[in-house]
Amino acid sequence: MKSAARAPRTTRRTTAALAAAALTAPLLLTAAGPATADRGHGPGHGDPAKDARKLSRELVRDSSARGAYRHLERFQRIADANSGHRAAGSPGHDASAAYVYKLLRKAGYRVSYDTFRFTYTETLAEKLAVVSPEARDVDIESMTYTKSTPEGGVQAALAHVPTDETTGCEAEDYAAGDYDGKIALIQRGACSFAEKQAAAADAGAIGAIIYNNEEGALSGTIGSTDDARIPTGGITQEEGEKLAAAADAGEVVVNLEVRELQEERETRNVIAETRGGKSDNTVMLGAHLDSVTEGPGINDNASGTAGLLEVALELAQETRSHPHKQPRNKVRFALWSAEENGLVGSEKYVEKLTDAQRENIALYLNFDMIASPNAAQFVYDGDDSDNDGEGPGPEGSAQLERDITEFLDRRGEPHEGTDFDGRSDYGPFIEAGIPAGGTFTGAEGIKTEDQAAKYGGEAGVAYDACYHSACDDLDNIDMRSFDVNIDVIANAVGTYAHDQRSLTRPVTKAATEGTAGSGGLHSAHDRARS
């Protein structure tokens, strides 16, 4: 799950080295997929609902966390052999993409690479030290695409920006002369991190420290290198409030060092689709394949990738063994790259879709972090019944949410809503007006007492304490949550491959008590609002 969320979007659909040969394989379809219908290869007869129930039941039965775990093991080995990570633009990601490509192609899918360029980033230093009045170190996370300090950092007095409803967002928040040559300390909220650091820079600040306005760590993004003005990092609410109180009482001098490698590199999405089925009713599911550079990314997001792979391979086996079970509708799986750099892979893909190709995608389901060790079961809030953060998804999103929750209800699995906060690859699809949904088990957000009673686990602790860290390895997986969410994927694939009529069945909206599950009311990483 990336550190940046998308800007505001439309809410309704607006228009009707594993194998070098694999890395250089010819493109078998365009990044957007074929525009032809590929009719005549599906069953074409019988009852779609009956076929959907049968296929979904078989896929749920045969797809398992145990089966998907072998993919997690492979991704861990790849990371271990490649500097401990699988970040986009790195050999670890190339090897991960080749592994996925090879498996899906062997299973009989039409597979292609969708190659693009992006700005690769790697943290070189992130340090914050209080020099006076009392020396101590403070944990800080550099913002992606930040300007870098010199090696050794910059030393200056802190200047606390007074808190209000738009803290640090407007020029009026910075009293003339109070920030010249200083490091601005700004509470998160109301506008993007990019806007906050730009306003501080305009006021003369030489650095910015943004502190959370709720529990949990604060990592984020400036959005692009073009937007970066001054070195910027994020700290917790607790540390921020301590520093703010001290700075308000007297001079506090700190040394800030945030340095980041930034360079243009090439990477690739892996796109695989069934050879048959009606392309004008394409069922699309996605998960990001890349990790951050800090770790192997086994929960974030080898878990989603492995879940999709498990179901895709079972679907291929089912249809290969029983040709009459070919899906009526085309099914397309996308393994995205550079999600951790700001949804770049999925953005590039959606940008290249023609109007017709966009209309052919009936739905998009996203699976990012589906095996968090202190998990809650979140379902994306398609109808905004939680009244939390962003509004509803495009028309059809409410139905996707209802279909997932009904499946979980039938199995006695508790669940709750999570906001479309823009932190994962559903974002570009929502902006394009494509119905979206999916599941998630939590990132750096803190599990509540009620959630601990509902799901088990430990209250007051992050859903994934190893989020974006080196410890996001094979020991960072909850197998039960992994299995539940793989069943969600299997049920969705089996159902929508044959029958999409539920997407037009009305939803009765009922108010619920949902949560973002990844940092609270709004994303800790929002480009549109921090």
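Before any of the text, the structure's been laid out above.
Let me sum up the structure you'll find in this document. (Residues numbered from 1 in each chain as written. Predicted model: local features only at pLDDT ≥ 70, side-chain atom pairs only at ≥ 80, totals over all residues. Heavy atoms only, no water.)

In this section: the overall build of the chain. For the chain, the helix and strand inventory stands at 13 helices and 14 strands. Looking at the 530 residues of the chain, the share that counts as buried comes to 62%. Here the chain has roughly 19400 Å² of accessible surface; of this, 47% comes from carbon and sulfur atoms. (Helix = DSSP H or I, 4+ residues; strand = E, 2+ residues; numbered from the N terminus. Buried < 20%, exposed > 50% of the residue type's maximum accessible area, 1.4 Å probe, protein only. Areas by Shrake-Rupley, 256 points an atom, 1.4 Å probe, with all protein chains shown as cover.)

Moving on, we come to the pairing of strand 7 (residues 232–235). On any regular strand, side chains alternate: one points to one face of the sheet, the next to the other face. Of the two faces of strand 7, the one holding Thr232 and Gly234 and the one holding Gly233 and Ile235 are both buried throughout. Across two bridges, the pairing between strand 3 (residues 141–142) and strand 7 is antiparallel. If you follow Glu141 over to strand 7, its bridge partner there is Gly234. Looking at chain direction, strand 6 (residues 207–211) and strand 7 are connected through four bridges and run parallel. Residue Ala208 lies in a different strand from strand 7, and its bridge partner there is Thr232. (Pairing = 2+ DSSP bridges.)

The residue Lys447 is located in the loop between strand 14 (436–440) and helix 12 (449–455) in this model. By relative accessible area, Lys447 is classed as buried at 2%. For Lys447 and Asn374, which are 73 residues apart along the polypeptide, the C-alpha to C-alpha distance reads 7.7 Å. Leaving out residues up to four positions away in the same chain, Lys447 has contacts with Asn374, Ala375, Ala376, Ala452, Tyr455, Gly456, Gly457, Glu458, Ala459, Gly460, Val461 and Tyr463. One polar contact links the side chain of Lys447 to the main-chain carbonyl oxygen of Ala375, over a distance of 2.7 Å. Of note is the side chain of Lys447, whose polar atom sits 2.7 Å from the backbone oxygen of Gly456. (Contact = heavy atoms within 4.5 Å. Polar contact = N/O pair within 3.5 Å; in protein donor to acceptor, adjacent residues only side chain to side chain.)

Turning next to the nonpolar core. Leu104, Tyr109, Leu285 and Phe482 are the most contacted members of the largest nonpolar core, which has 60 residues in total. By size, the runner-up hydrophobic cluster in this structure holds 26 residues, among which are Met1, Phe378, Phe429 and Ala436. (Core = buried A, V, L, I, M, F, W, Y, C linked by side-chain atoms within 4.5 Å.)

So, about the state of the cysteines. Following the criterion strictly, the structure yields two disulfides and no others. Covalent S-S linkage joins Cys169 and Cys191, the inter-sulfur distance amounting to 2.1 Å. Between Cys169 and Cys191 the sulfur-sulfur dihedral comes to about -100°; the bridge is accordingly left-handed. Of this pair, Cys169 sits in the loop between strand 4 (154–160) and strand 5 (183–187) while Cys191 sits in the loop between strand 5 and helix 5 (193–202), and the two are 22 residues apart along the sequence. The two residues Cys169 and Cys191 agree in class, both being buried. Here Cys466 connects covalently by a disulfide to Cys471, the sulfurs 2.1 Å from one another. Its S-S torsion of approximately -115° makes the covalent link between Cys466 and Cys471 left-handed. (Disulfide = S-S within 2.5 Å.)

Okay, the environment of Val311 next. Positionally, Val311 belongs in helix 7 (residues 298–321). A sequence separation of 244 residues divides Val311 from Gly67, and the C-alpha atoms of the two residues are 9.6 Å apart. Discounting residues that sit within four places of it in the chain, Val311 has contacts with Leu59, Ser63, Ile486, Ile489, Ala490 and Val493.

Quick look at the side chain of Lys196 now. Residue placement: Lys196 occurs in helix 5. No salt bridge is formed by the buried Lys196; its nearest oppositely charged neighbour, Asp173, is found at 7.1 Å. Side-chain polar atoms of Lys196 contact the backbone oxygen of Gly189, separated by 2.8 Å. (Lys, Arg positive; Asp, Glu negative; His and termini not counted. Salt bridge = Lys/Arg side-chain N within 4 Å of Asp/Glu carboxyl O.)

Taking 1.5 Å of rise per residue, 16 residues should cover 22 Å, and helix 3 (residues 65–80) covers 22 Å from first to last C-alpha, within 8% of that figure. In the core, the buried residues of helix 3 are packed alongside helix 4 (91–106), helix 7 and helix 13 (479–496). (Expected span 1.5 Å × (residues − 1).)

Here we come to the packing of aromatic side chains. Applying the stated criterion to the full structure yields 16 aromatic pairs. With centroids separated by 5.1 Å and ring planes inclined at 75°, the aromatic side chains of Tyr174 and Tyr179 adopt a geometry described as edge-to-face. Ring centres 6.4 Å apart and planes at 35° place the aromatic pair Tyr349 and Phe429 in the tilted group. In this pair, Tyr349 sits in helix 8 (residues 344–351) while Phe429 sits in helix 11 (residues 426–431), placing the two residues 80 residues apart along the sequence. The class of Tyr349 is buried, set by a relative accessible area of 0%. Sitting over the ring of Phe75, Arg86 keeps its end group 4.9 Å from the ring centre. Geometry around Tyr113 places Arg268 over its ring, the cationic atom sitting 5.1 Å from the centre. (Phe/Tyr/Trp six-rings, centres within 6.5 Å; stacked < 30°, edge-to-face > 60°. Lys NZ or Arg CZ within 6 Å of the ring centre and 35° of its normal.)

Our next topic: the packing of helix 2 (residues 48–62) against helix 7. Following both chains from N to C, one finds helix 2 and helix 7 inclined at 125°, their axes separated by 10 Å at the closest point. Judged by the inter-axis angle, helix 2 sits oblique to helix 7. Helix 2 and helix 7 meet at a crossing whose hand is right-handed. Residues Leu55, Glu58, Leu59 and Asp62 of helix 2 form the contact with helix 7, whose participating residues are Glu310, Val311, Glu314, Leu315 and Glu318. (Axes fitted to C-alpha atoms, helices over the stretch in contact; angles between N-to-C directions. Parallel < 35°, antiparallel > 145°, perpendicular 65-115°, else oblique. Left-handed = near helix turned anticlockwise from the far one by under 90°.)

Before going further, it helps to spend a moment on unusual backbone geometry. At the junction of Ser132 and Pro133, the peptide bond is cis and its omega measures out at 10° in the coordinates. As for its placement among the helices and strands, Pro133 is situated in the loop between strand 1 (110–132) and strand 2 (136–138). That bond from Asp300 to Asn301 is cis: its omega, 5°, falls within 30 degrees of zero. Residue placement: Asn301 occurs in helix 7. You will see that Ala190, though not glycine, has its phi angle at about 80°, which is positive. A relative accessible area of 46% places Ala190 in the partly exposed class. The phi dihedral of Ala338 falls on the positive side, at around 55°, and the residue is not glycine.

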